[in-house]
Amino acid sequence: GAVVSQHPSWVICKSGTSVKIECRSLDFQATTMFWYRQFPKQSLMLMATSNEGSKATYEQGVEKDKFLINHASLTLSTLTVTSAHPEDSSFYICSATPGQLGGNTIYFGEGSWLTVV
Amino acid sequence: QKEVEQNSGPLSVPEGAIASLNCTYSDRGSQSFFWYRQYSGKSPELIMFIYSNGDKEDGRFTAQLNKASQYVSLLIRDSQPSDSATYLCAVNPQGAQKLVFGQGTRLTINP
């Protein structure tokens, strides 16, 4: 299957600092990338959808100024959690698709555990 | 009503038996449906997807789709302890370039 790589796998940061998570599609060009957040024992919650070269579309309730998403190329998207606080501690997962979902599927990265202390 | 609903479980099945996981969705226009498996602390991994009414088989897994009833299921034959995980149903709503996930069903296969 297609490979989506996420980095870092886990990160600990101090409250008030910013942290960047990278998501790369290794063997296909991702027209669309998605960022999810998952709290323990809960399902995946879509945060935003990004298309290469355009602004991300954020889901309702997600602060776009706090969660900065950049999709600079067809193989790379980044999520920056700005001024992180302990309540932002979560499992962040990116995913990518090579085309329209009707004819393609979504592949997930390995996820990034963020702990804000 | 949630867009995608699953019984959170836990669902316990003896080893070797058939595990049946169910999912209902609210958007009648949804076109594509996915089943993912997620082990604790790990990212979801795709098991299979289905677009057309009926059954789709892949090894020990069979996905069943009934668009009239807005229902999709996953059957796991000859269940193994390694199948113990949370199974996520995901739906691509009509006209949307995204997947909406259910809350997942926690499955335990007992040796």
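Here the structure is a predicted model, which means the values were calculated and not measured.

K.L.:
What exactly am I supposed to notice about the overall build of chain A here?
P.N.:
What chain A contains, in helices and strands, is zero helices and eleven strands. Ordered by position in the sequence, the α and β elements of chain A form the string β-β-β-β-β-β-β-β-β-β-β. When its C-alpha atoms are laid out on the principal axes, chain A stretches across 40 × 25 × 25 Å. A burial count over chain A gives 50% of its 117 residues as buried.

K.L.:
Looking at this structure, I do not really get the interface of chain A and chain B. What am I missing?
P.N.:
By a widespread convention, an interface's size corresponds to the accessible area lost as its parts come together. Between chain A and chain B, the contact holds 25 residues from the first and 19 residues from the second. At the boundary of chain A with chain B, the tally comes to one salt bridge. Ionic pairing is found between Lys98(B) and Glu59(A), a salt bridge with its closest N-O pair at 3.2 Å. Inspection of the region where chain A meets chain B yields seven residue pairs in polar contact (both at pLDDT 80 or more). Those elements that place two or more of their residues in the side of chain A that touches chain B are β4 (32-38), β5 (45-51) and β9 (90-97) of chain A. Element by element, the count of residues in the side of chain A that touches chain B is highest for β4(A), at four residues. The class makeup of the residues in the side of chain A that touches chain B is ten nonpolar, 13 polar and two charged.

K.L.:
Explanation requested: the confidence of the model for chain A in the structure shown.
P.N.:
Reading fine detail from the predicted coordinates is not recommended where pLDDT is low. Per-chain confidence: chain A averages 91 in pLDDT, with 94% of residues scoring 70 or above. Mean pLDDT values for the elements of chain A range from 89 in strand β10 (residues 107-108) of chain A up to 97 in strand β11 (residues 112-116) of chain A.

K.L.:
Looking at this model, I keep getting lost on the state of the cysteines. Mind explaining?
P.N.:
Working definition of a disulfide: a covalent bond connecting the sulfur atoms of two cysteines. Scanning the model with the defined rule gives two disulfides over all chains in all. Disulfide pairing is shown between Cys23(A) and Cys94(A); the S-S distance is 2.0 Å. On the sign convention where negative is left-handed, the bridge of Cys23(A) and Cys94(A), at about 75 degrees about the S-S bond, is right-handed. Taken together, the positions of Cys23(A) in strand β3 (residues 19-25) and Cys94(A) in strand β9 put the pair 71 residues apart, joining distant regions of the chain. Assigned by exposure class, Cys23(A) and Cys94(A) land together as buried. The residue that forms a disulfide with Cys23(B) is Cys89(B), at a sulfur-sulfur distance of 2.0 Å. With the S-S bond torsion at -70 degrees, the cross-link from Cys23(B) to Cys89(B) turns out left-handed. Within this pair, whereas Cys23(B) is found in strand β3 (residues 19-25), its partner Cys89(B) is found in strand β9 (residues 85-92), the two being separated by 66 residues in sequence. For the pair formed by Cys23(B) and Cys89(B), the shared burial category is buried. Cys94(A) supplies the cysteine sulfur nearest to Cys13(A), a cysteine that is in no disulfide, at a spacing of 18 Å.

So, how was this worked out
Residues numbered from 1 in each chain as written. Chains lettered and ligands numbered in written order. Predicted model: local features only at pLDDT ≥ 70, side-chain atom pairs only at ≥ 80, totals over all residues. Heavy atoms only, no water. Helix = DSSP H or I, 4+ residues; strand = E, 2+ residues; numbered from the N terminus. Buried < 20%, exposed > 50% of the residue type's maximum accessible area, 1.4 Å probe, protein only. Contact = heavy atoms within 4.5 Å. Salt bridge = Lys/Arg side-chain N within 4 Å of Asp/Glu carboxyl O. Polar contact = N/O pair within 3.5 Å; in protein donor to acceptor, adjacent residues only side chain to side chain. Nonpolar A, V, L, I, M, F, W, Y, C, P; charged D, E, K, R; others polar. pLDDT = per-residue confidence, 0-100. Disulfide = S-S within 2.5 Å.

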